[in-house]
Amino acid sequence: STSTVIFIGELLKLAERHLAEGVHPRLICEGFDIAKKEAQDYLDNFKVLAGKVDREVLNCVSRTALRTKLHEELADHIGNVCVDAVLCINDKESDVGIDLFMIEIMHMQHKTDLSSRLVKGLVLDHGARHPDMPKVLKNCHLLVLNVDLEYMKSEVSSNFFYSSADQREKLVESERKLVDDKVRQIIALKRAVCKEGETFVVINQKGIDPLSLDMMAKEGILGLRRAKRRNMERLAKACGGMAMNSTDEMTADCLGWAGMVYEETLGEEKYTFVEECKHPHSCTILVKGPNKHTIEQIKDAVRDGLRAVKNAIEDDAIIPGAGAFEVGLSLHLREKSKGVEGRAKLGVQVYADSLLVIPKVLASNAGHDAMDCLITVQDEHTAGFVAGLDVSTGGTCAPQEIGVYDNYRVKRQMIQSAGVIASQLLLVDEIMRAGVAAGKKG
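Computed from a predicted structure; not experimentally measured.

(A) Inspection of the sheet that holds strand β10 (residues 283-289) at higher detail. Read from one edge of the open sheet, three strands run β1-β10-β2, paired in mixed fashion. The sheet terminates laterally at β1 (103-109) and β2 (117-119), the two strands that pair on one side only. Going across the sheet, the axis of each strand differs from the next one's by a mean of 25°, ignoring polarity. Inspection of the sheet shows β1 paired to β10 by seven bridges, in the parallel sense. Bridging across to β10, Q109 finds its partner in G289. The strands touched by helix α8 (residues 292-315) are β1 and β10; relative to β1, the strand with the most contacts, the crossing angle is about 165°.

Here's what the structure looks like:
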């Protein structure tokens with residue numbers, strides 16, 4: 001997005017020079033369209049490692065995306081976490097694409113930013129609501145429920161009238177029996193499936209009342225209530241099993257499995273970790289940091305890193321970075337503009353020159369002379385090498401050798417959207433001028 005905005009700004013800036021000399025905006029826009037088609041063909045030929053995107057390449061892509069947002073050590077660490085997270089949820093046997101919604105991003109204001117890690121399971125931001133429930137469980141059968149384990153008022157407006165204390169007691173008993181029967185079914189399932197050394201965990205989307213929690217605690221069951229709705233599907237993906245809407249249909253097949261479930265307390269906050277799942281297709285990135293600013297910065301970077309890795313896997317190809325693509329495309333369009341007739345070639349030349357703003361900005365941000373760096377990189381491309389800008393030295397580098405890669409679809413989007421948006425802005429100016437002129441004549 002940043003590259004696209006800078007590129008559009010440069011297109012408008014260079015086009016203004018020709019507009020001031022009397023060239024009509026429509027002719028400039030025609031040149032943009034010609035350049036855009038040429039750029040798309042060049043991009044398709046420029047991409048590398050088609051069909052060979054492996055873990056190391058994904059690490060390079062994530063590092064390239066994150067080092068502009070975080071310091072180097074943290075960027076490399078978070079980059080590896082992002083790659084592991086996307087590979088965890090990428091089910092190659094399924095026809096469904098990569099769903100980044102299956103990656104939960106949880107934060108804890110605790111320790112340092114380098115303590116952030118990937119949990120191949122789930123982290124819930126609440127704990128057990130009964131003091132006697134176990135805090136650490138191993139070899140856990142996991143039951144995910146969406147059932148009321150507390151007395152609920154009826155959805156319709158209704159009244160119950162009684163004429164004696166006995167009738168009232170019967171009402172209370174029948175209400176309690178309804179909930180107790182559901183809890184007894186859960187306990188019966190636990191006794192049926194749990195062998196020696198195995199434990200049982202209940203995670204319910206709805207409420208669990210104190211008496212039901214007490215019954216579970218006496219059986220050694222860890223019961224979590226009011227879990228977030230979005231975690232129901234994630235739990236099923238991470239641990240197996242399925243979310244149940246009724247206690248009458250529960251069987252051993254509907255249970256998930258986790259090697260360890262434990263509770264961690266941080267101040268007044270409680271967190272429940274569900275880890276060591278057998279074949280997790282959902283996971284949690286646990287972001288840690290000493291303050292809110294650091295945590296928000298890391299969370300923003302994580303979202304960018306996840307998207308970059310996902311794009312690389314889905315494209316199954318990447319583009320050499322460090323400004324190599326922009327410089328190469330600029331030289332290519334300069335050559336192609338010689339074959340364009342009429343004033344439209346001015347639009348192609350503007351497009352070619354505007355592309356060079358990307359390596360110029362890279363050089364300026366690194367503290368180097370933008371023009372010297374650009375000329376050095378252009379000389380390498382003219383000699384037939386794919387070269388980018390080395391921000392450390394201000395010289396040239398081979399992006400593939402140092403592992404600096406960009407996403408194919410990001411560059412494609414930049415090419416397609418920048419020309420269209422710039423054309424619309426140029427033509428809107430012309431329409432507004434025409435309107436003002438017509439008003440003056442009237």
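After presenting the structure, the write-up continues.
(B) Quick look at the nonpolar core. L143, L145, I186, F200, I203 and M216 are the most contacted members of the largest nonpolar core, which totals 43 residues. When residues of this core are traced back to their parent elements, those giving at least two are β3 (122-124), β4 (136-145), α5 (165-193), β5 (199-204), α6 (210-218), β6 (222-224), α7 (230-239) and β8 (256-266). L143 has contacts with I186, F200, V201, V202, I203, M244, M250, C254 and L255, leaving out every residue within four places of it along the chain. I78, I89, L306 and Y405 belong to the second-largest nonpolar core, a separate cluster that totals 37 residues.

(C) How the structure looks around helix α11 (residues 357-365). Taken together, the buried positions of α11 are V357, I358, P359 and A363. On its buried side, α11 packs onto α1 (2-20), α9 (324-337), α10 (344-355), α12 (370-382) and β12 (388-389). Two residues or fewer past α11, G367 is found with a positive phi of approximately 85°.

(D) Focus on helix α4 (residues 72-89). End to end, α4 covers 26 Å across 18 residues, agreeing with the expected 26 Å (1.5 Å per residue, within 8%). Taken as a whole, α4 has its buried residues at L74, A75, I78, G79, V81, C82, V83, A85, V86, C88 and I89. As for α4, its buried residues are in contact with α3 (55-66), β1, β2, β10 and α8.

(E) Region of the structure containing the layout of surface pockets. The computed volume of the largest pocket comes to approximately 1,700 Å³. Taken together, 45 residues form the lining of the largest pocket, with T64, A65, T68, L362 and D406 sitting closest to its centre. Counting only elements with at least two residues in the lining of the largest pocket, the list comes to α1, α3, α8, α11, β14 (405-407) and α14 (408-441). Sort the elements by how many residues they give to the lining of the largest pocket and α14 lands first, with six residues. Its residues placed into classes, the lining of the largest pocket shows 18 nonpolar, 15 polar and twelve charged. Within this model, the second largest pocket holds a volume of roughly 170 Å³. Looking at side-chain class alone, the lining of the second largest pocket contains four nonpolar, four polar and four charged residues.

(F) Structural view of the packing of α1 against α10. One way to put it is that α1 packs onto α10 with a least axis distance of 9 Å and a crossing angle of 140°. Viewed along their axes, α1 and α10 adopt a mutual orientation that is oblique. Note that α1 runs across α10; the crossing there is right-handed. Where α1 approaches α10, its residues F7, E10, L11, L14, A15 and H18 are matched on the opposing element by L346, V350, Y351, D353, S354 and L355. Tallied by class, residues from the contact of α1 with α10 come to eight nonpolar, two polar and two charged.

(G) Focus on empty space enclosed by the protein. By the definition in use, this model includes one cavity of 30 Å³ or more. Its boundaries defined by the atoms lining it, the largest cavity holds a volume of some 30 Å³. Lining the largest cavity, in full, are L142, V144, L235, C239, G240, G241, M242, C254 and G256. Every element with two or more residues in the lining of the largest cavity is listed here: β4 and α7. Broken down by class, the residue content of the lining of the largest cavity amounts to six nonpolar, three polar and no charged.

(H) Highlighting the packing of aromatic side chains. Tallying each qualifying case throughout the model produces six aromatic pairs. Ring plane angle 35° and centroid distance 6.0 Å describe the contact between Y42 and F325, whose orientation is recorded as tilted. With Y42 in helix α2 (residues 25-46) and F325 in helix α9, this residue pair connects regions lying 283 residues apart in the sequence. Among the aromatic side chains, those forming a connected cluster through ring pairs are F7, F32 and Y351. Lying over the aromatic face of Y408, K47 brings its terminal NZ or CZ to 4.8 Å of the ring centre. Over the ring of F101 we find R234; its NZ or CZ atom is 4.6 Å from the centre of that ring.

(I) Looking closely at the packing of α10 against α11. Contact pair α10 / α11: the axes reach a minimum separation of 5 Å and the direction vectors enclose 20°. As far as their axial angle goes, α11 and α10 are roughly parallel. In contact with D353, S354 and L355 of α10, α11 contributes V357, I358 and P359.

(J) The arrangement of the pairing of β4 in detail. Counting buried positions along β4 yields seven of ten residues, so the element is predominantly enclosed. Across six bridges, β4 lies against β8 in antiparallel orientation. Its bridge partner being in β8, L142 is matched across the sheet by G256. By the bridge criterion, six bridges tie β4 to β5 in an arrangement that is parallel.

Calculation rules
Residues numbered from 1 in each chain as written. Predicted model: local features only at pLDDT ≥ 70, side-chain atom pairs only at ≥ 80, totals over all residues. Heavy atoms only, no water. Pairing = 2+ DSSP bridges. Helix = DSSP H or I, 4+ residues; strand = E, 2+ residues; numbered from the N terminus. Axes fitted to C-alpha atoms, helices over the stretch in contact; angles between N-to-C directions. Contact = heavy atoms within 4.5 Å. Core = buried A, V, L, I, M, F, W, Y, C linked by side-chain atoms within 4.5 Å. Buried < 20%, exposed > 50% of the residue type's maximum accessible area, 1.4 Å probe, protein only. Expected span 1.5 Å × (residues − 1). 1 Å grid on protein atoms, 1.4 Å probe; cavity = no way out; pocket = protein on both sides within 12 Å on 5 of 7 lines; lining within 4 Å. Points joined across faces, edges and corners; volume = space filled by probe spheres on them. Nonpolar A, V, L, I, M, F, W, Y, C, P; charged D, E, K, R; others polar. Parallel < 35°, antiparallel > 145°, perpendicular 65-115°, else oblique. Left-handed = near helix turned anticlockwise from the far one by under 90°. Phe/Tyr/Trp six-rings, centres within 6.5 Å; stacked < 30°, edge-to-face > 60°. Lys NZ or Arg CZ within 6 Å of the ring centre and 35° of its normal.

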